[in-house]
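# Residue-level structure breakdown
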Amino acid sequence: QVQLVESGGGLVQAGGSLRLSCVASGRTFSVQAMGWFRQAPGKERDIVASVDWSGHSPYYTDSVKGRFTISRDNARNTLYLQMNLLEPEDTAVYYCAASRRYRGSVYYTHLYDDWGQGTQVTVAS
């Protein structure tokens, strides 16, 4: 198993920035891909961005393209999500996830094996 701990959420004004971090521990050598998901109240958990653990095949959902950047630091076993030009519609709980079975762009929640506890991002208008 891989343990994931997110941090960096908070309250920000529209147009502002936040950087989320996700530190992985445990069987990190088995991780093939990682992703960020988000879930707003009353909605499903949806993909925001994903990346192969080697750094290839970054994927972004359309609504965040050009505003968010996913990156990872393998030496620190850490995944990041830099979020710029935040909008009220970005308000959600953000989750980090790891897939031990699939490489490349991994979009779907059921393809991920390990999840963090989530961090709240609130964007005020």
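Provided above is the structure to which this section pertains.
As the structure is a prediction and not an experimental result, all values here were calculated from the model. (Residues numbered from 1 in each chain as written. Predicted model: local features only at pLDDT ≥ 70, side-chain atom pairs only at ≥ 80, totals over all residues. Heavy atoms only, no water.)

### Observations regarding the nonpolar core
Soluble globular proteins tend to pack their nonpolar side chains together in the buried interior. Counting 28 residues, the largest nonpolar core has Met34, Trp36, Leu81, Met83 and Tyr94 as the members making the most contacts within it. Put simply, the parts of the chain that give this core at least two residues each are strand 1 (2-7), strand 3 (18-26), strand 4 (33-39), strand 5 (46-52), strand 7 (68-73), strand 8 (78-83), strand 9 (92-99) and strand 11 (119-124). Not counting residues up to four positions away in its chain, the partners in contact with Tyr94 are Glu6, Leu20, Phe37, Arg38, Val48, Phe68, Leu81, Met83, Gly118, Thr119 and Val121. Judged by nonpolar contacts, the second largest core, of seven residues, contains Phe37, Ile47, Ala97 and Tyr112. (Core = buried A, V, L, I, M, F, W, Y, C linked by side-chain atoms within 4.5 Å. Buried < 20%, exposed > 50% of the residue type's maximum accessible area, 1.4 Å probe, protein only. Helix = DSSP H or I, 4+ residues; strand = E, 2+ residues; numbered from the N terminus. Contact = heavy atoms within 4.5 Å.)

### So, the packing of aromatic side chains
Overall, the coordinates contain five aromatic pairs when judged by the stated rule. Between Tyr59 and Tyr107, the aromatic rings sit 4.3 Å apart at their centres with planes inclined by 45°, giving tilted as the arrangement. Residue Tyr59 is found in strand 6 (residues 59-60), and its partner Tyr107 is found in the loop between strand 9 and strand 10 (114-115); the two are separated by 48 residues along the sequence. Tyr59 gets classed as partly exposed once you look at its relative accessible area, which sits at 23%. Ring-pair connections join several aromatic residues into one group, and the members of that group are Phe37, Tyr112 and Trp115. Directly above the aromatic system of Tyr95 lies the positively charged group of Arg45, at a separation of 3.6 Å from the ring centroid. In this structure, Arg45 packs its charged tip against the face of Trp115, placed 4.9 Å from the ring centre. (Phe/Tyr/Trp six-rings, centres within 6.5 Å; stacked < 30°, edge-to-face > 60°. Lys NZ or Arg CZ within 6 Å of the ring centre and 35° of its normal.)

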